[in-house]
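Below, each chain spelled out in residue letters.
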Amino acid sequence: MHLIHPRVLQIGLILLAVLIVVMHVLKVTIKYKGGIKAANTHFVKNLDIYKSRKKFFLITSIILEACLIVSLVSSIVLVARPARKETVNNGTKKRDIFLCMDVSYSIYDLNYDLVERLEGVVSGLDGDRFGICIYNTSSVLYVPMTDDYDFVNSKLEELKEYFVLQKEFMDAYYDKNTGYITYNKADKEEYEKYLELQEKLDYYDAGTLVKNYIKGSSLIGEGLASCMYSFPRLDEEDRTRIVIMSTDNSQENLARPLVELDEAADICKKNDIKVFGIFPNKDNWSWLNTTDYAKDEQEFKEAVTKTGGKYYKQSDSLSVDDIVNDIEREEALEVEEVTITKVNDQPKIFMYILFASVVVMLVIGLVMKI
């Protein structure tokens, strides 16, 4: 324990000591200065009751004076602010993990399954930071890198709702034969339901479909590159950085993307970022996709393994816990220590002493009046 204002204690104790000395000197030097004297007081002074009362008065006076001094000292210490310094070291040997999700409507089943399983995993993290990026035509930093796991899980719950809405929308309004969204506008109830569902989806789609009528959809390389550059202090700090990526790699681009998947994987490798990729199985390969399943899978697998990460395929036996275990096997790099010194006030003891002293003085004052 130390004092934030030690000079206050030094000056206060000196003044208090001077005050005590002056009071005792005045007490000794004060003499009788006139008035009527009582005769034969020695008879009273020899009485037992007088002696006992005098003794009681002497003891209570000493206690009263001691309590007064203690209360004054406690008050001076409180003004000087007793405190305790605590040094906390943060940020050593931890990982940064980004969940990077292709939120095109073709893989809502895979995404829902992944998000649902990740909720429990996030709650079990210890010090690792976690973030979420979602993308389609364009990318959205849905959750910046954080160790607030309750917040991350609340956002994962929102994404689960998003993927449920995607499934509901596609099942109800997408015509597999024509490839168009169809609904009966003449049916007021159905049309209102369609508008309500569309409004909910627009909330989530906002930011992920910027200029999709020009660029297309499911721009996988741009999604991965954007996620990679969302890592904080990418060029300044050595950390273990990992991306968990879900996609069907079915790119429907109308113009050449700024970054292709293979190029994004090269950038990740250059920055020591490993990608753990999850690909849908053949049964969940969407009828929306116009690309080749085997070719898309092979390209994605090669890009993932190029970064030093690991490739996974959706199946009943695939466990997100297994993926997390693989991630935890990645050595957490020693990062620059962040040392924080906290100063916490510690007035409690001296407050108790001051309170006790005042209570004793009040009790003695009441007793002396009796």
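These lines cover the structure that appears in this document, whether it is placed above or below. As the structure is a computational prediction, the values presented were derived from the model and not from experiment.

### So, helix α4 (residues 108-123)
- Helix length check: α4 (16 residues) gives 23 Å between terminal C-alpha atoms against 22 Å at 1.5 Å per residue, within 8%.
- The largest bend along α4 reaches roughly 25 degrees and is located at Arg117.
- The complete set of buried residues in α4 reads Tyr108, Leu110, Asn111, Leu114, Val115, Leu118, Glu119, Val121 and Val122.

### With respect to the pairing of strand β11 (residues 273-279)
- For β11, the buried fraction is high: 6 of the 7 residues fall into the buried class.
- Examined bridge by bridge, β11 and strand β12 (residues 310-313) share 4 bridges and lie parallel to one another. Within the sheet, the bridge partner assigned to Ile278 lies in β12 and is Tyr312.

### Concerning the layout of surface pockets
- Estimates place the volume of the second largest pocket at around 280 Å³.
- For the second largest pocket, the full set of lining residues is Leu16, Leu19, Ile20, Met23, His24, Lys27, Leu64, Glu65, Leu68, Ile69 and Leu72.
- Within the residue set of the lining of the second largest pocket, elements represented by two or more residues are α1 (6-29) and α3 (48-80).
- Here the lining of the second largest pocket takes 6 residues from α1, the largest share from any one element.
- Classifying every residue of the lining of the second largest pocket by side-chain character gives 8 nonpolar, 1 polar and 2 charged.

### Structural notes on the sheet that holds strand β3 (residues 95-102)
- Read from one edge to the other, the open sheet built from 6 strands follows the order β5-β4-β3-β9-β11-β12, with strand pairing classed as mixed. Of all the strands in the sheet, just β5 (139-146) and β12 have a single pairing partner and so form its edges. Put simply, the sheet's adjacent strands are angled 15 degrees from each other on average, direction ignored.
- Direction of pairing for β3 relative to strand β9 (residues 240-246): parallel, over a ladder of 7 bridges. Each residue of the ladder has a partner; that of Cys100, found in β9, is Met245.
- Of the strands in this sheet, β3, β4 (129-135) and β5 are in contact with helix α5 (residues 149-173), which crosses β5 at around 155 degrees.
- Those strands touched by helix α10 (residues 293-306) are β9, β11 and β12, and its axis lies near 155 degrees from that of β11.

Calculation criteria
- Residues numbered from 1 in each chain as written.
- Predicted model: local features only at pLDDT ≥ 70, side-chain atom pairs only at ≥ 80, totals over all residues.
- Heavy atoms only, no water.
- Helix = DSSP H or I, 4+ residues; strand = E, 2+ residues; numbered from the N terminus.
- Expected span 1.5 Å × (residues − 1).
- Bend = angle between axes of the 7 residues up to and from the residue.
- Buried < 20%, exposed > 50% of the residue type's maximum accessible area, 1.4 Å probe, protein only.
- Pairing = 2+ DSSP bridges.
- 1 Å grid on protein atoms, 1.4 Å probe; cavity = no way out; pocket = protein on both sides within 12 Å on 5 of 7 lines; lining within 4 Å.
- Points joined across faces, edges and corners; volume = space filled by probe spheres on them.
- Nonpolar A, V, L, I, M, F, W, Y, C, P; charged D, E, K, R; others polar.
- Axes fitted to C-alpha atoms, helices over the stretch in contact; angles between N-to-C directions.
- Contact = heavy atoms within 4.5 Å.

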